[in-house]
Amino acid sequence: MTLNLPDVAAVADAATISPLALFLQADIVVKGVMLGLLLASIWTWAIIIGFSVTLRRASKHSKSFEQDFWKAEDIDRFYEARGKADYPAAKVMAAGVTEWRRSTAQKVIDRDGTRDRLATTMFSTIAAEVDRLSDRLNILATVGSVAPFVGLFGTVWGIMRAFTAIAAEQNSSLAVVAPGIAEALFATAIGLFAAIPAVIAYNRFSHGINRMESRLTRFADGFYATLSRELEAQR
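Residues numbered from 1 in each chain as written. Predicted model: local features only at pLDDT ≥ 70, side-chain atom pairs only at ≥ 80, totals over all residues. Heavy atoms only, no water.

J.: Explain the overall build of the protein chain to me, please; I cannot follow it from the model alone.
T.: For the protein chain, the count of helices and strands is eight helices and zero strands. Listed N to C, the secondary structure of the protein chain is α-α-α-α-α-α-α-α in terms of helices and strands. Buried residues in the protein chain amount to 36% of all 235 residues. Across the protein chain, the fraction of contacts at a sequence separation of at least 24, relative to all contacts at a separation of at least 6, is 78%. Accessible surface for the protein chain amounts to roughly 14,000 Å². Of this, 61% is attributable to carbon and sulfur atoms. (Helix = DSSP H or I, 4+ residues; strand = E, 2+ residues; numbered from the N terminus. Buried < 20%, exposed > 50% of the residue type's maximum accessible area, 1.4 Å probe, protein only. Contact = heavy atoms within 4.5 Å. Areas by Shrake-Rupley, 256 points an atom, 1.4 Å probe, with all protein chains shown as cover.)

J.: How do you make sense of the pattern of salt bridges when you look at a structure like this?
T.: As a working rule, side chains carrying opposite charge can pair if their charged atoms are close by. Here the structure, examined in full by the defined rule, presents nine salt bridges. With its nearest N and O atoms 3.8 Å apart, the salt bridge here joins Arg215 to Glu66. Placement of Arg215 in helix H8 (residues 174-233) and of Glu66 in helix H3 (residues 28-71) is noted, with a sequence separation of 149 residues between them. You can call Glu66 buried: its relative accessible area is 10%. Ionic pairing is found between Lys91 and Asp86, a salt bridge with its closest N-O pair at 2.9 Å. (Salt bridge = Lys/Arg side-chain N within 4 Å of Asp/Glu carboxyl O.)

J.: I'm lost on helix H6 (residues 111-133) in this one. Help?
T.: Count 3.6 residues to each turn of an α-helix, and residues three or four apart come out pointing the same way. Spanning 23 residues, H6 covers 33 Å between terminal C-alpha atoms, matching the ideal 33 Å at 1.5 Å per step. By the burial criterion, the buried members of H6 are Gly113, Thr114, Arg115, Leu118, Met122, Thr125, Ile126, Glu129, Val130 and Leu133. (Expected span 1.5 Å × (residues − 1).)

J.: When you look at the layout of surface pockets in this model, what are you seeing that I'm missing?
T.: Unoccupied space between atoms shows up once a probe the size of one water molecule is rolled over them. Put simply, the largest pocket is a space of about 330 Å³. Around the largest pocket, the lining comprises 13 residues; the ones closest to its centre are Leu55, Ser59, Arg204, Gly208 and Arg211. Of all the secondary structure elements, the ones that give two or more residues to the lining of the largest pocket are H3 and H8. Per-element accounting of the lining of the largest pocket gives the leading share, eight residues, to H8. (1 Å grid on protein atoms, 1.4 Å probe; cavity = no way out; pocket = protein on both sides within 12 Å on 5 of 7 lines; lining within 4 Å. Points joined across faces, edges and corners; volume = space filled by probe spheres on them.)

J.: Got a minute to help me understand the packing of aromatic side chains in this structure?
T.: Two aromatic rings, taken as a pair, are described by how far apart their centres are and by the angle between their planes. Counted by the stated rule, this structure contains eleven aromatic pairs. Note on Phe65 and Phe219: the rings are 6.2 Å apart at their centroids and 75° apart in plane angle, and the pair reads as edge-to-face. Placement of Phe65 in helix H3 and of Phe219 in helix H8 is noted, with a sequence separation of 154 residues between them. Note on accessibility: Phe65 and Phe219 belong to one class, buried. Here the aromatic residues Phe65, Phe69, Trp70, Phe78, Tyr87, Phe219 and Phe223 are joined through ring pairs into a cluster of three or more. (Phe/Tyr/Trp six-rings, centres within 6.5 Å; stacked < 30°, edge-to-face > 60°.)

J.: Can you help me understand a nonpolar patch on the surface in this one?
T.: Residues Phe149, Leu152, Phe153, Val156, Trp157 and Met160 make up a contiguous nonpolar surface patch of about 600 Å² in total accessible area. Within the element layout of this structure, Leu152 appears in helix H7 (residues 137-169). (Patch = residues over 30% accessible without salt bridge, like charges linked within 9 Å, V, L, I, M, F, W, Y side chains within 5 Å.)

J.: Please explain the packing of H3 against helix H4 (residues 75-82) as it appears in this structure.
T.: Relative orientation and spacing of two packed helices are given, respectively, by the angle between their axes and the distance between those axes. Packing of H3 against H4 leaves a shortest axis separation of 10 Å and a crossing angle of 150°. Taken together, the axis directions place H3 and H4 in an arrangement best described as roughly antiparallel. Considering only the axes of H3 and H4, their crossing is right-handed. On H4, the residues touching Ser64, Phe65, Asp68 and Phe69 of H3 are Ile75, Phe78 and Arg82. The residue inventory of the contact of H3 with H4, partitioned by class, reads four nonpolar, one polar and two charged. (Axes fitted to C-alpha atoms, helices over the stretch in contact; angles between N-to-C directions. Parallel < 35°, antiparallel > 145°, perpendicular 65-115°, else oblique. Left-handed = near helix turned anticlockwise from the far one by under 90°. Nonpolar A, V, L, I, M, F, W, Y, C, P; charged D, E, K, R; others polar.)

Functional significance is not addressed by these values, which are geometric in nature.
In structure tokens form, the structure reads like this:
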């Protein structure tokens, strides 16, 4: 099978439609859009990898800490041994123990006030830990919601450039229109490439954060009940 000259030209043109060629041929505005979206994609994947490691480690350590805590016979001894660890469940326990010691150091113990302060302290610590863990989720949400529109801007700009080329060349053939349209669609593709992983990761990590919050809340409720019974025993 032989190719005539128009076929050879078509194959050559098709070979130049590669991501790098599309970027190099693009207008300066479209290049800026592509670079911005590419950087957003790299940033997104860095956050995804880092957040995955952090959340997995926090969940693993907190689960192990809670299991060991409920097996401990002496809370004070357990606190001295492991209460200063740097993960969520340990911080919740440390907040409860610290407030307990302050409130019961008085000669006359205000039991209702102690209960209120214990609850406030531990649940405030839970909120602070959840905020700390979810610190960068807003970036994923921003990229997931904005990137498609940035890519769409590049698409609109590329199509406008294609129509300008048609007017300048006074020729509506595919050879004149194709480069601008290809650049436009490539900008949209990069926008989706940045947005889709960000949205999926945001939803997944939000679920993981909610599970962590629920686990910490159950732990705080159990610890609060234990301290409340201790208050009753001191009556």
